[in-house]
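# Fold and geometry: a report
Next come the chains, spelled out residue by residue.
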Amino acid sequence: MKTKTLFLGMDVSKLTIDYSLIDSMDKVLLNGQIDNTAKDISGLLKNLKNAGYKDLGSILFGMENTGIYSNPFKVYAVEKGLDLVVSNALDIANSKGIRREKSDSADAYLIAQYLRKNLPTIRIYKPDNKVVVKMKRLQSARQLLLKQKHQIERHVNEMKGFVSTKDHASLKKTLQDSIAGLAKSIAKIDKELDEIVKEDLQVDNNKDLIESIPGVGKQTAIALITATNNFETISDPRKIACHAGVVPFKKESGSSLKNTPRVSHLANKKLKQALHMAALSTVKWCQPIKQYYERKLAEDKSKMSALNAVRNKILHIVSALIRKQEKFNFSLN
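Residues numbered from 1 in each chain as written. Predicted model: local features only at pLDDT ≥ 70, side-chain atom pairs only at ≥ 80, totals over all residues. Heavy atoms only, no water.

### A short note on the sheet that holds strand β2 (residues 16-23)
- The sheet built from five strands is open, its strands ordered β3-β2-β1-β4-β5 with mixed pairing. Since the sheet does not close on itself, it has two edges, and those belong to β3 (28-35) and β5 (84-87), each with one partner. Pairwise comparison of adjacent strand axes, ignoring direction, gives a mean angle of 20° for this sheet.
- Both strand β4 (residues 59-64) and β5 contribute to a ladder of four bridges, which runs parallel. (Pairing = 2+ DSSP bridges. Helix = DSSP H or I, 4+ residues; strand = E, 2+ residues; numbered from the N terminus. Axes fitted to C-alpha atoms, helices over the stretch in contact; angles between N-to-C directions.)

Now the structure itself:
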């Protein structure tokens, strides 16, 4: 990577991108707002050159990972060979410290500062594995359909006891086709996921390694693979745990000395949910993890705290399996 002397932070939303260009002394050189479109992104690069910053290789570009909203600039950066950093919101939030102002333009400036401060350890963005990208799209669609199915089922169940038996039966029959249709679509996506995973031998192999842990199923394996780009973007179990929100952070200052450590609200909630379901299952089916869970309970940990420790334990086991490329080899005795 070429030496960086300028840092351009971008606060990306669905419709707009606020940007702030600073130098190594945090002096603002250029700022503004553009539409989040390929045309305006191209215009931003022209504006930089017109303002005298023609050597784009000396600029480090950066943004928070805002999902699909960040895709237009990601695609453009790869096409043009720009050095781009896409960091998770938690890393950037932890670097901000005390803030007197909260706005999109201020956030862009703080992201630029984050780039400058973390330059020695920064990771330049690389596109996700193509198979992982396909998996993410199907995973997102599956979660949407599953949510809709659960909402309809919940509505049917909640009506029971509050309407007549006849009316409840009629309602259930009316909505049954919708539930069945959603279930069919979910099953179709599951089949497509199985086929896509096999397109990449390493993805397929890592999925099998994760599922070798008794109680850890396909959806948890897929959630881990998509969240880490098949363990290429994130491989350290501690960083994955932080990303998944299974690491509680202490707040011990002033009146907060007695506060209970809590996980961050900025975590990847979908991955956290998948790990929670895996934790509930492994404490039943995986003897070593069951013993670990019971030991935590014996230490007067709450049930949720013990389960959170199990989630963290699962991540460390998964990381070891991926690193060694070995299946889980503990017996269930």
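### Things to note about the environment of Pro120
- Summarising the element assignment, Pro120 is placed in the loop between α4 (104-117) and α5 (130-159).
- Residue class for Pro120 comes out exposed when judged on its relative accessible area of 75%. (Buried < 20%, exposed > 50% of the residue type's maximum accessible area, 1.4 Å probe, protein only.)

### Overview of the nonpolar core
- Counting residues in hydrophobic clusters, the biggest one holds 49 residues, and the most contacted among them are Met135, Ile210, Leu224 and Ile314.
- For this core, the secondary structure elements donating two or more residues are α5, α6 (165-197), α7 (201-211), α8 (218-228), α9 (237-244), α10 (269-285), α11 (287-298) and α12 (303-324).
- Counting residues per element, this core draws most heavily on α12, at 10 residues.
- In this structure, Ile314 is in contact with Val216, Leu275, Ala278, Ala279, Thr282 and Ile289, ignoring residues within four places of it in sequence.
- One finds Leu6, Leu21, Phe61 and Ala77 within the second-largest nonpolar core, a separate group that totals 22 residues. (Core = buried A, V, L, I, M, F, W, Y, C linked by side-chain atoms within 4.5 Å. Contact = heavy atoms within 4.5 Å.)

### Overview of the packing of α9 against α12
- Viewed as axis vectors pointing N to C, α9 and α12 meet at an angle of 140°, and their least axial separation amounts to 9 Å. The angle between α9 and α12 places the two elements in the oblique class. When the axes of α9 and α12 are compared, the crossing they make is right-handed. Contact residues: α9 offers Pro237, Arg238, Ile240 and Ala241, while α12 offers Asn312, Leu315, His316 and Ser319.
- Here the contact of α9 with α12 is built from residues that sort into four nonpolar, three polar and one charged. (Parallel < 35°, antiparallel > 145°, perpendicular 65-115°, else oblique. Left-handed = near helix turned anticlockwise from the far one by under 90°. Nonpolar A, V, L, I, M, F, W, Y, C, P; charged D, E, K, R; others polar.)

### Observations concerning the pairing of β3
- As paired strands, β2 and β3 are joined by seven bridges and run antiparallel to one another. Counted as the bridge partner of Leu21 is Leu30 from β3.
- As consecutive antiparallel partners, β2 and β3 are separated by four residues, and within that stretch Asp26 has a phi angle of approximately 65°, a positive value.

### So, the side chain of Asp83
- With respect to the helices and strands, Asp83 occurs in the loop between α2 (71-80) and β5.
- The class for Asp83 is buried, based on a relative accessible area of 18%.
- A polar contact is formed between the side chain of Asp83 and the side chain of Lys4, at a distance of 2.5 Å.
- Residue contacts for Asp83: discarding those within four places in its chain leaves Met1, Lys2, Lys4, Ile59, Leu60, Phe61 and Ile124. (Polar contact = N/O pair within 3.5 Å; in protein donor to acceptor, adjacent residues only side chain to side chain.)

### Here we look at the pattern of salt bridges
- The final tally for this structure, using the stated rule, is 11 salt bridges.
- Between Lys149 and Glu153 there is a salt bridge whose closest N-O contact spans 2.8 Å. Here Lys149 and its partner Glu153 are both found in helix α5, four residues apart, which amounts to about one turn of the helix.
- When its relative accessible area of 17% is taken as the criterion, Lys149 is described as buried.
- For Glu153, a relative accessible area of 24% corresponds to the partly exposed category.
- The partner of Glu211 in a salt bridge is Lys207, and the shortest N-O contact between them spans 2.6 Å. Taken as a pair, Glu211 and Lys207 lie in helix α7 at a separation of four residues, close to a single helical turn.
- Residue Glu211 is classed as partly exposed on the basis of its relative accessible area of 27%. (Salt bridge = Lys/Arg side-chain N within 4 Å of Asp/Glu carboxyl O.)

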